[in-house]
Amino acid sequence: MIDILLSVAGNSLGLYAANRYVENFVFAGGYVNYITAGLFLAVLNFTLKPILKIVTVPLILLTLGLFIIVINALLLWLTDRIFDFIAIETTASLILSTILIGFINLVLGIIYKILD
């Protein structure tokens, strides 16, 4: 349960940071929209991401794990397509926001493991 809450918090903070610091990443609305999109992204990460990782194991191994960024970008792109209040206008902003959200989730996970 705490993993899902941590993922929602990390995704929401990551979306906020992407809105603030990544050009051509537009997020309209308030904190409810951040939490809603963060929750949807967390659900995608817990359901669809493992399936995509299994299917793309050869590509992940061939690129030494960098293909996971492409999988994360695909999930963020799906989130963009589902919600009208997110607009990712360029591929560069999609990749940058994917890396930023992943980094924030990584930092929150490390902090949680240290405090646990």
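Notes on the structure in this doc start here. (Residues numbered from 1 in each chain as written. Predicted model: local features only at pLDDT ≥ 70, side-chain atom pairs only at ≥ 80, totals over all residues. Heavy atoms only, no water.)

Quick look at the nonpolar core now. With 21 residues, the main nonpolar core has Leu15, Phe25, Phe27, Ala37, Leu76 and Ile86 as its most contacted residues. Where this core is concerned, the elements lending two or more residues are α1 (2-21), β1 (25-27), α2 (31-55), α4 (67-82), β2 (86-88) and α5 (91-115). Dropping the residues within four chain positions of it, Phe27 is found in contact with Leu15, Asn19, Asn33, Tyr34, Ala37, Phe85 and Ile86. (Core = buried A, V, L, I, M, F, W, Y, C linked by side-chain atoms within 4.5 Å. Buried < 20%, exposed > 50% of the residue type's maximum accessible area, 1.4 Å probe, protein only. Helix = DSSP H or I, 4+ residues; strand = E, 2+ residues; numbered from the N terminus. Contact = heavy atoms within 4.5 Å.)

Before going further, it helps to examine a nonpolar patch on the surface. Residues Phe103, Leu106, Val107, Ile110, Ile111, Ile114 and Leu115 make up a contiguous nonpolar surface patch of roughly 720 Å² in combined accessible area. Its place among the elements puts Ile114 in helix α5. Among the residues examined, Ile114 registers a relative accessible area of 66% and is labelled exposed. (Patch = residues over 30% accessible without salt bridge, like charges linked within 9 Å, V, L, I, M, F, W, Y side chains within 5 Å. Areas by Shrake-Rupley, 256 points an atom, 1.4 Å probe, with all protein chains shown as cover. Salt bridge = Lys/Arg side-chain N within 4 Å of Asp/Glu carboxyl O.)

For the pair α4 and α5, the least separation of the axes is 9 Å and the interaxial angle reads 105 degrees. Taken together, the axes of α4 and α5 are roughly perpendicular relative to one another. Residues Ile69, Asn72, Ala73, Leu76 and Trp77 of α4 form the contact with α5, whose own contacting residues are Leu94, Ile95, Ser97, Thr98, Ile99 and Ile101. (Axes fitted to C-alpha atoms, helices over the stretch in contact; angles between N-to-C directions. Parallel < 35°, antiparallel > 145°, perpendicular 65-115°, else oblique.)

For the structure on display, the rule yields five aromatic pairs. Measuring from ring centre to ring centre gives 4.0 Å for Phe27 and Tyr34, while their planes differ by 5 degrees; the resulting arrangement is stacked. When sorted by exposure, Phe27 lands in the same class as Tyr34, which is buried. Aromatic rings pair up to connect Tyr16, Phe27, Tyr34, Phe40, Phe83 and Phe85 into one cluster. The residue whose ring lies beneath Arg20 is Tyr21, and the NZ or CZ to ring-centre distance is 6.0 Å. (Phe/Tyr/Trp six-rings, centres within 6.5 Å; stacked < 30°, edge-to-face > 60°. Lys NZ or Arg CZ within 6 Å of the ring centre and 35° of its normal.)

Note that every value here comes from positions in space, so none of it alone points to a role or purpose.
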